[in-house]
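A look at the structure
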There are 2 protein chains.
Amino acid sequence: MKVYSEKIKTFYYLNPSLAALITCVDSHGYSNIITVAWHASISAYPPLYGVSISPKRHSHNLILDSGEFVVNFASFEILDKVHYCGKHSGRDVNKFEETGFTSTKATRVGAPLIQECYAHLECRLWDHRVYGDHLWFVGEVISVDYDEEALHPTGLLRIDEISPIYYLGSNTYTTIDKNRRVKL
Amino acid sequence: MKVYSEKIKTFYYLNPSLAALITCVDSHGYSNIITVAWHASISAYPPLYGVSISPKRHSHNLILDSGEFVVNFASFEILDKVHYCGKHSGRDVNKFEETGFTSTKATRVGAPLIQECYAHLECRLWDHRVYGDHLWFVGEVISVDYDEEALHPTGLLRIDEISPIYYLGSNTYTTIDKNRRVKL
């Protein structure tokens, strides 16, 4: 039976979304990590990627000030660390130190890559815009870095090797089912 | 081993994203459906949802002209129909007729709901903006409709009942793994 709601609580739990780790850096070279679920590819040429971040978050100003960020995609084996980065603020802790994540130099931007992630989009800030209670950061993807073993030669993710993390809401996660891959 | 790429082909296959069906309607009451993978929640208050659609697509002008759209979320059992709606144009075929999807009246907008989908976000166009080769449509979510059995009382999706569709690229899909749900 269909239920109708105009109160619209937690509409954003209806579409379990990939968790991603955004890295950024301040003018003193201090790096931060934030876990996000509200993000998407938005253009192929030029390659553009959008990420929605609340102004309350420490990374918000770091990205605005530095004009760049990296989108890191994680596999389920490091879920605990991904969750940690969504629950703590870079104002209080150094998330690279606390998680043990390895900070690796990016190719084209100052923000670091998280070595333990399977792929990374290095982004230069292209646009930013207030949408409601979040800021929509649009980055031009100027370099892509990935683990060679994570991808098929066609560019598709090897889900026999990589288990991307999906956020169901309320601190609950899952991954994709590697046995139900269908090509139509 | 990390590989670096500045050619940046198919960066959008690195993050398998939920497939969604966007419905819209023209001034004659003729409805269309388009399958998208580039979309995200972007604000909680007000509730805003963004969808990236190429200007080449038939739905692009329908949404601009009507100022509204519905985001429908589908389960894996109807994957064939979801795929069909991504591969054909509403200029050539009536996708409701071809798929057999049931068109249901929405609560607050003229665009229809797809009855066979487990949840629906009725959106009024809030903003639109060219980002590269796509248009970014931002909708205010003014009503949410969902199958009662699709959600836990907490608002979380019942992944024992519902298997959302994820697009891996190149006509390849999968769903989430209901046996690896973890609450941290």
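In what follows, the structure referred to is the one given above.
Nothing here was measured: the structure is a model prediction, and the numbers come from that model. (Residues numbered from 1 in each chain as written. Chains lettered and ligands numbered in written order. Predicted model: local features only at pLDDT ≥ 70, side-chain atom pairs only at ≥ 80, totals over all residues. Heavy atoms only, no water.)

**A closer look at the side chain of A:Asp147**
As a reminder, the rule being used: Helix and strand definitions follow DSSP, with helices as H or I runs of at least four residues and strands as E runs of at least two, each counted in order from the N terminus. Two N or O atoms count as a polar contact when they lie within 3.5 Å, although within protein this holds only if one can serve as hydrogen donor and the other as acceptor, and sequence-adjacent residues are included solely when both atoms are side-chain atoms.
Tracing the sequence through the fold places A:Asp147 in strand β11 (residues 134-147). Only 2.8 Å separates the side chain of A:Asp147 from the side chain of B:Lys2, close enough to count as a polar contact.

**Details of unusual backbone geometry**
The omega angle of the peptide bond from A:Tyr45 to A:Pro46 is -5°, so this bond is cis rather than trans. Unlike most non-glycine residues, A:Asn171 shows phi in positive territory, near 60°. Mapped onto the secondary structure, A:Asn171 falls in the loop between β12 (165-169) and β13 (172-175). A positive phi angle is found at B:Ser170, which is not glycine, with a value near 50°. Looking at the secondary structure, you find B:Ser170 in the loop between β12 (165-169) and β13 (172-175).

**Looking at the interface of chain B and chain A**
Interface size is often expressed as the accessible area that is lost when the parts come together. For clarity, the threshold we go by: We call two residues contacting when some pair of their heavy atoms lies within 4.5 Å. We define buried area as the total accessible area lost by two parts upon association, computed with a 1.4 Å probe and summed across both. Salt bridges are defined by distance alone: a side-chain nitrogen of Lys or Arg within 4 Å of a carboxyl oxygen of Asp or Glu. Strands pair, by our definition, only if DSSP identifies at least two bridges between them.
With 84 residues of chain B at the interface, the matching set in chain A holds 84 residues. Across the chain B/chain A interface, buried area totals approximately 7,600 Å², and carbon plus sulfur atoms make up 59% of it. By the criterion of area lost to chain A, the three top residues of chain B are B:Lys2, B:Leu14 and B:Tyr131, representing 11% of everything that side buries. Our count for the contact surface shared by chain B and chain A stands at two salt bridges. A salt bridge links B:Asp147 to A:Lys2, with the nearest nitrogen and oxygen atoms 2.8 Å apart. Inspection of the chain B/chain A interface yields 42 residue pairs in polar contact (both at pLDDT 80 or more). Top contributing element to the side of chain B that touches chain A by residue count: strand β11 (residues 134-147) of chain B, with ten residues. Two elements, β11(A) and strand β1 (residues 2-5) of chain B, share four bridges in a ladder whose sense is antiparallel. If you follow A:Val144 over to β1(B), its bridge partner there is B:Ser5.

**Let's talk about the nonpolar core**
For clarity, the cut-off: What makes a nonpolar core is a set of buried Ala, Val, Leu, Ile, Met, Phe, Trp, Tyr and Cys residues whose side-chain atoms join them at distances within 4.5 Å. Burial classes: relative accessible area under 20% of the type maximum marks a residue as buried, over 50% as exposed, and values in between as partly exposed (1.4 Å probe, protein chains only).
Ranked by size, the top nonpolar core spans 75 residues in total, and within it A:Val71, A:Phe73, A:Leu121, B:Val71, B:Phe73 and B:Leu121 carry the most contacts. Once you skip the residues sitting within four places of it in the chain, B:Leu121 turns out to touch A:Phe11, A:Leu14, B:Tyr49, B:Phe69, B:Val70, B:Val71, B:Phe73, B:Val141, B:Ser143 and B:Val144.

**Things to note about the side chain of A:Asp177**
What counts, and what does not: The charge count includes Lys and Arg as positive and Asp and Glu as negative, but it does not include His or the ends of the chains.
Assignment of secondary structure puts A:Asp177 in the loop between β13 and β14 (182-183). A:Arg180 is the oppositely charged side chain nearest to the buried, salt-bridge-free A:Asp177, at an N-O distance of 4.6 Å. Apart from the residues lying within four places of it in its own chain, the contact partners of A:Asp177 are A:Ile159, B:Thr174, B:Thr175, B:Ile176 and B:Asp177.

**Regarding the relation of the copies chain B and chain A**
Put simply, the rule reads: Superposition of the copies used a least-squares fit over C-alpha atoms from residues whose pLDDT is at least 70 in both.
Once chain B is rotated about the relating axis by 180° and shifted along it by 0.0 Å, it coincides with chain A to within an RMSD of 0.0 Å. On this basis, the relationship between the two copies can be described by a two-fold rotation axis.

**Looking at the pairing of strand β10 (residues 119-131) of chain A**
Residue and element names in this part refer to chain A. Alignment of strand β7 (residues 68-73) against β10, held across six bridges, turns out to be antiparallel. Looking at β10, one finds that Asn72 is bridged to His120. Looking at chain direction, β10 and β11 are connected through twelve bridges and run antiparallel. From the neighbouring strand, Glu122 faces β11, where its bridge partner is Ser143. Connecting β10 to the antiparallel partner β11 that follows it, the hairpin turn spans two residues, and Gly132 within it adopts a positive phi of roughly 60°.

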